[in-house]
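# Observations on the model geometry
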Protein chains: 4
Amino acid sequence: MTRGNTRQRIQDVALELFAEQGYEKTSLREIAENLEVTKAALYYHFKTKEDILISLFQDLTRPMDELIEWAQTQPHTLETKQEILRRYSEALASAAPLFRFIQENQATLRDLSIGETFKDRMLRMLDLIKEPEAALADQVRCLSALLTMHAGMFLLKDVEGDPEEKRLAVLEVAFDLVSQAHHVTR
Amino acid sequence: MTRGNTRQRIQDVALELFAEQGYEKTSLREIAENLEVTKAALYYHFKTKEDILISLFQDLTRPMDELIEWAQTQPHTLETKQEILRRYSEALASAAPLFRFIQENQATLRDLSIGETFKDRMLRMLDLIKEPEAALADQVRCLSALLTMHAGMFLLKDVEGDPEEKRLAVLEVAFDLVSQAHHVTR
Amino acid sequence: MTRGNTRQRIQDVALELFAEQGYEKTSLREIAENLEVTKAALYYHFKTKEDILISLFQDLTRPMDELIEWAQTQPHTLETKQEILRRYSEALASAAPLFRFIQENQATLRDLSIGETFKDRMLRMLDLIKEPEAALADQVRCLSALLTMHAGMFLLKDVEGDPEEKRLAVLEVAFDLVSQAHHVTR
Amino acid sequence: MTRGNTRQRIQDVALELFAEQGYEKTSLREIAENLEVTKAALYYHFKTKEDILISLFQDLTRPMDELIEWAQTQPHTLETKQEILRRYSEALASAAPLFRFIQENQATLRDLSIGETFKDRMLRMLDLIKEPEAALADQVRCLSALLTMHAGMFLLKDVEGDPEEKRLAVLEVAFDLVSQAHHVTR
DNA sequence: GATGAATGAGCCTTCATTCAT
DNA sequence: TATGAATGAAGGCTCATTCAT
């Protein structure tokens, strides 16, 4: 019946379960059962369990990578930074489950080939946002902005209010932090 | 020679390994081997693997609990908040491995009886730091302050500079955020 | 471009891999990958994995079977035996990979329908080479001659010298052994 | 009931099954079932499947190793060689199942850490038995002697006669071969 | 206070094979 | 002539846990 989309379905279910229970605690059996296929079928589409995860990263982080590439061609003005944060916030929102997963499974990611890749991206984002010779506290501010965007949405789950509103509040705080760190060095 | 302190040694090794590799990826065999005892010995001192973790939390988060208890008796002035953050920062620093662990193993903690306990503490801290009717963005600021303190130290690992200096920079940013959120509602 | 010869190519690759790694350790996936076809394609040409092996035997042991048939029509003189050994040695050399495979995968062959077939041939060879009522030691000599021819080439891999020279040395020893066993019973 | 000898029992059953069916075709489940324990119990006593095999080699080839060590201290006379063969034949007989296994599972052994070890031993035996500058055919004779001793017993299974008698016949042929190769170089 | 021995459940992975297209 | 997709069985291995000693 459902033909040709099994690979996609595996990714969907896997992401859902990975985000919900963590990578290690999600077994291939579980994924397979959810899809009503056998474990072996998963192996037709992906070489290993880690491969499923890798494919999710590759598919879902592309917007970020494109954003970074674009940003690297822009001048380091406050306006650019603001634009970067705005777009980053959107990219984050559209891949929320993956980023929830990332945030909650760092110990696992650390030694899952992908860890490095991800850390690199963070550092490149940081470079786009902070001034080259920023004081320590200002570096912290930029880091904090990033951190808040990443973790913010999930932590605000208990707080009342519409998700989009929350996203904007987070964005506002991030922008504040980056602005404070942006006293141009003359 | 090492008499009667096995329990303590188990905790030490366990914390080190949990923090380094994550909870799920650290097996009791590994802990036992590090201590040159048998797995069964661990079971003399702790009822389950989770129990080891619980004991670590109980022993290492007491300063935080005491801090919170004390803080709840104080007036919600900016000075108090500043004092809370200062003490919190110190408490955090003195139990750094545990908090690194917490930060990196959230997916695991979520369904490990302890998760709730920990989340509760975070929310109580938040209540101490934010104004009762704070605007959304100000709530985010306070959350961000907490977040930054928790994650900051580890993320700054790649950055140059003396640890104590970094801690103070983080504290400064946290204080800023909380101050901004503190425009007293009259 | 390679049209219609897939069957042959499968056999070639299979023999190579079987000889190199053993039958059990060579998977159909591996064979298929080497040929840049799918596993399913193998099943178009052969009913089972074992079938591939069987086909190799059938194709490569024909010279031996013909030799045996011819030999059975000859008188049991020493000259005949010498001739048999000479031809056997040549047949062996021209199907070296298969015989390397046989020699190294006996445990596997034992319960692979083919085992019997092969053992039968060995026994028939033995009958051609030894005297009907030979003493135990003389039977051993003939067995040893066969054995040496089979295993000899591979074992001499580490020894210096040109392959053809080695083959002749092996043949010489085999002939010696058979001669010693040939004190005609009157 | 049976206490403390499980390790030994595992080795016994494993050797029996390895020899009978081959290494790859013998599963740990099978071994465990034969012993009426769980697979996991095997892992208490041995780190891996290969480890079981290694332990068998270590325990059963000691006599050979001692023989070789002793032989290396002896003069290279024909008498010594005869003595070496005699003892080797006995050592072989007392570890027959292992050597049957070796002979029939060479493809497997080749890439099982142990392969090298075993090949080394063969080469050292060869060095003890052949003259340093022996002609190619004489080297083949010595190899053939070794080969015959190794494989002889199993191949003679179909032949009538008492096992000990067969062993002696094999030994006789081996001795003959080595003698022929021993025309002392003056 | 600790060990030796074992278990049951489960994990990731691989394999030969099938079948509709 | 082949492929794409899937299966069922099995394999080696690891884990937290138990319990008699």
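Residues numbered from 1 in each chain as written. Chains lettered and ligands numbered in written order. Predicted model: local features only at pLDDT ≥ 70, side-chain atom pairs only at ≥ 80, totals over all residues. Heavy atoms only, no water.

### Brief notes about the overall build of chain A
Using the following cut-off: Strands here mean DSSP runs of E at least two residues long; helices mean DSSP runs of H or I at least four residues long; both are numbered from the N terminus. Buried, partly exposed and exposed residues are distinguished by accessible area as a fraction of the type maximum, computed with a 1.4 Å probe on protein chains only: under 20%, between the cut-offs, and over 50%, respectively. Contacts between residues were defined by any pair of non-hydrogen atoms, one from each residue, lying within 4.5 Å. Areas reported as accessible are Shrake-Rupley estimates using a 1.4 Å probe. Residue values count occlusion only from the protein chains shown. As used throughout, the charge tally considers Lys and Arg to be positive and Asp and Glu to be negative, leaving His and the chain termini uncounted. In this description, the location of a charge corresponds to atom NZ of lysine, CZ of arginine, CG of aspartate or CD of glutamate.
In terms of regular secondary structure, chain A is built from 11 helices and 0 strands. Written out in order from the N terminus, the α and β elements of chain A read α-α-α-α-α-α-α-α-α-α-α. Dimensions along the principal axes, computed over C-alpha positions, put chain A at roughly 65 × 35 × 30 Å. By the burial criterion, 50% of the 186 residues in chain A qualify as buried. Counted over contacts in chain A with a minimum sequence separation of 6, partners at least 24 positions apart contribute 71%. Total accessible area computed for chain A in this model is approximately 9200 Å², and 52% of it derives from carbon and sulfur atoms. For chain A, the centre of its 23 positive side-chain charges and the centre of its 31 negative side-chain charges are spaced 4 Å apart.

### Overview of the protein's contact with DNA strand E
Convention followed: A molecule or strand has a residue near it when one of that residue's heavy atoms lies within 4 Å. Distance and chemistry together define a polar contact, namely a pair of N or O atoms within 3.5 Å, with one atom able to donate a hydrogen and the other to accept it when in protein, and with adjacent residues in sequence counting only for side-chain atoms on both sides.
Neighbouring DNA strand E are 34 residues; Tyr43(A), Thr38(B), Thr38(D), Tyr44(D) and His45(D) lie closest to it. Contact distances for DNA strand E include 2.9 Å between a phosphate oxygen and a side-chain N or O atom of Arg29(A). Here a phosphate oxygen of DNA strand E and a side-chain polar atom of Tyr43(C) are 2.8 Å apart. Breaking the surface near DNA strand E down by element, the ones donating at least two residues are α2 (28-35) and α3 (39-45) of chain A, α3 (39-45) of chain B, α2 (28-35) and α3 (39-45) of chain C together with α3 (39-45) of chain D.

### Notes on the UniProt feature "DNA-binding region" (unreviewed entry) in chain A
Just so we agree on the cut-off: UniProt positions are given in the numbering used here, feature names are shortened, and annotations may be inferred rather than shown by experiment.
Mapped onto the present numbering, the UniProt feature "DNA-binding region" (unreviewed entry) falls on residues 27-46 of chain A. Summarising residues 27-46 of chain A: 75% helix, 0% strand, and an end-to-end C-alpha distance of 14 Å.

### Notes on the relation of the copies chain B and chain A
What counts, and what does not: The copies were overlaid by least squares, fitting only the C-alpha atoms of residues that reach a pLDDT of 70 or more in each copy.
Once turned by 180 degrees and shifted 0.0 Å along the axis, chain B lies on chain A with an RMSD of 0.1 Å. Each copy turns onto its partner about a two-fold axis. With an isologous cut-off of 70% or more, the 100% of interface residues of chain B that recur at the interface of chain A puts this contact in the isologous class.

### Details of the protein's contact with DNA strand F
As a reminder, the rule being used: Residues are sorted three ways: Asp, Glu, Lys and Arg are charged, Ala, Val, Leu, Ile, Met, Phe, Trp, Tyr, Cys and Pro are nonpolar, and all the rest, Gly among them, are polar.
Contacts to DNA strand F come from 34 residues, most closely from Thr38(A), Tyr44(A), His45(A), Thr38(C) and Tyr43(D). Atoms of DNA strand F within 4 Å of the protein: sugar and phosphate make up 62%, bases the balance. In this structure, Ser27(D) approaches DNA strand F through a side-chain N or O atom, which is 3.1 Å from a phosphate oxygen. The separation between a phosphate oxygen of DNA strand F and a polar side-chain atom of Arg29(D) is 2.9 Å. Among the residues forming the surface near DNA strand F, the class breakdown is 14 nonpolar, 12 polar and 8 charged.

### Focus: the interface of chain B and chain A
This is how the line gets drawn: Once two parts are put together, the accessible area they lose, assessed with a 1.4 Å probe and summed over both, is termed the buried area. Should a side-chain nitrogen of Lys or Arg be within 4 Å of a carboxyl oxygen of Asp or Glu, the pair is scored as a salt bridge.
Tallying the contact residues gives 40 residues for chain B and 40 residues for chain A. Regarding the contact of chain B and chain A, the summed buried area is about 3400 Å², with carbon and sulfur atoms giving 56% of it. The closest approach of N and O atoms between Lys25(A) and Glu24(B), which form a salt bridge, is 3.9 Å. When grouped by side-chain class, the residues that make up the side of chain B that touches chain A number 15 nonpolar, 10 polar and 15 charged.

### Looking at the packing of aromatic side chains
What counts here: The pairing test for Phe, Tyr and Trp rings, Trp by its six-membered ring, is centres within 6.5 Å, and the orientation test on the planes gives stacked under 30 degrees, edge-to-face over 60, and tilted for anything in between.
All told, the structure shown has 13 aromatic pairs over all chains when counted by the stated rule. Both rings, one in Phe99(A) and one in Phe118(A), keep their centres 6.3 Å apart while their planes meet at 50 degrees; by these two values the pair is tilted. Here the residue Phe99(A) occupies a position in helix α7 (residues 96-104), and Phe118(A) occupies one in helix α9 (residues 114-129), the gap between them amounting to 19 residues. Here Phe118(A) falls in the buried class, since its relative accessible area comes to 13%. Seen from their ring centres, Phe18(C) and Phe101(C) are 5.9 Å apart, and the 35 degrees between their planes marks the pair as tilted.

### Examining the side chain of Gln103(C)
Along the chain, the position of Gln103(C) falls in helix α7 (residues 96-104). Residues contacting Gln103(C), with those up to four places away along its chain left out, are His150(C), Ala151(C), Phe154(C), Gln103(D) and Gln106(D).

### With respect to the UniProt feature "domain: HTH tetR-type" (unreviewed entry) in chain A
As annotated in UniProt, the feature "domain: HTH tetR-type" (unreviewed entry) corresponds to residues 4-64 of chain A in the numbering used here. Secondary structure across residues 4-64 of chain A divides into 75% helix and 0% strand, with the first and last C-alpha atoms of the span separated by 28 Å.

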